[in-house]
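# Overview (structure and organization)
Okay, here's what each chain looks like letter by letter:
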Amino acid sequence: MKKQQNRKRWFKVVKTFVKIFIHKPKFVYLGQNIETPSIILSNHVGAIAPLSFELYFNKPFRFWGTYEMNSGLKSVYKYLSTVYYHQKKHWPKLSAKIFSIIAAPVANMFYKGLNLISTYRDLRFRQTLKESIETIKNGQNLVIFPEDSSSGYHDKLKSFFSGFVILARQCLKHGFDLPIFVTYFRKKTKTFVIDKPILCSELLKQNISDDNIAQKMCDRANQLGEINLTTLKLCN
């Protein structure tokens, strides 16, 4: 499999500038290092976890992300002003709308550079799965932020959406028994805590619903957020 990050040259220049403002995180592994390709599940922590992944994770990957942020400037503005800043970040409506006038063009440019895989909440999710399988065939990881952030971003995650469970099933159907790595980003210490992987086949062996599988993975992410790391080796 070929392994490439698939980012355009202009975007690499942008990332070099952004690194001035985003400090390099630590990566703490509780088991083996992330293999390629793999499925990586992480909490979102607003924009900081995706940014930290994009700037400092040294293996090829693509993000899953909501289609609104991948559908042009108008769509980006609407999502930022009504959903991200107002509903999730709890900004006043007027402040969210005014700030989004500035933020939307920047976010639109940045998301174009990410080569994002759009996610949907309807039958178009089949396109997400199709593009994800092609990404895996190209030897790239998938980074997914499955938390339900409808009420905002919480240190203790409430639940995971189960789309990644459906993806795991599709991976097996196409002959890919990928490792799934649950991670938790600690904002205060700028640390990704990365759990031992579980194979897609092992994940799906559990005789429970997709939603219950997703909740178990969410619970594990919360545990990672509370583990004492003082005796663990830090891997950069």
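In this report, we go over the structure that sits alongside the text. In this text the structure is predicted, and so the values were computed from the model without any measurement. (Residues numbered from 1 in each chain as written. Predicted model: local features only at pLDDT ≥ 70, side-chain atom pairs only at ≥ 80, totals over all residues. Heavy atoms only, no water.)

By the alternation rule, side chains of strand β7 (residues 191-194) split into Thr191 and Val193 and Phe192 and Ile194, which are all buried. Pairing of strand β1 (residues 26-29) with β7 involves 4 bridges; the strand directions are parallel. Within the sheet, the bridge partner assigned to Tyr29 lies in β7 and is Ile194. Bridging between strand β6 (residues 179-186) and β7 involves 4 bridges; their strand directions are antiparallel. If you follow Phe185 over to β7, its bridge partner there is Phe192. Taking the residues between adjacent antiparallel strands as the criterion, β6 and β7 are bridged by 4 residues, where Lys190 takes a positive phi near 50°. (Buried < 20%, exposed > 50% of the residue type's maximum accessible area, 1.4 Å probe, protein only. Helix = DSSP H or I, 4+ residues; strand = E, 2+ residues; numbered from the N terminus. Pairing = 2+ DSSP bridges.)

There is a patch of nonpolar side chains on the surface, built from Phe17, Ile20 and Phe21 and spanning about 370 Å² of accessible area. If you trace the backbone, Phe21 turns up in the loop between α1 (9-18) and β1. (Patch = residues over 30% accessible without salt bridge, like charges linked within 9 Å, V, L, I, M, F, W, Y side chains within 5 Å. Areas by Shrake-Rupley, 256 points an atom, 1.4 Å probe, with all protein chains shown as cover. Salt bridge = Lys/Arg side-chain N within 4 Å of Asp/Glu carboxyl O.)

As enumerated under the stated definition, the model contains 21 aromatic pairs in all. Measuring from centroid to centroid gives 5.6 Å for Trp10 and Phe11, while their planes differ by 75°, and the two rings are edge-to-face. Their ring planes at 20° and their centres at 5.1 Å tell us that Tyr67 and Tyr120 sit as a pair that is stacked. Taken as a pair, Tyr67 in the loop between β3 (61-66) and α3 (73-88) and Tyr120 in the loop between β4 (117-119) and α5 (125-137) lie far apart in primary sequence, 53 residues in all. In this structure an aromatic cluster arises from ring pairing among Phe27, Phe53, Phe57, Phe61, Phe63, Phe145, Phe185 and Phe192. Directly above the aromatic system of Phe61 lies the positively charged group of Arg7, at a separation of 5.1 Å from the ring centroid. Looking at Arg124, its charged tip hangs above the ring of Tyr67, at a distance of 4.9 Å from the centre. (Phe/Tyr/Trp six-rings, centres within 6.5 Å; stacked < 30°, edge-to-face > 60°. Lys NZ or Arg CZ within 6 Å of the ring centre and 35° of its normal.)

Moving on: helix α2 (residues 48-56). A large share of α2 lies buried, amounting to 7 of its 9 residues. The complete set of buried residues in α2 reads Ala49, Pro50, Ser52, Phe53, Glu54, Leu55 and Tyr56.

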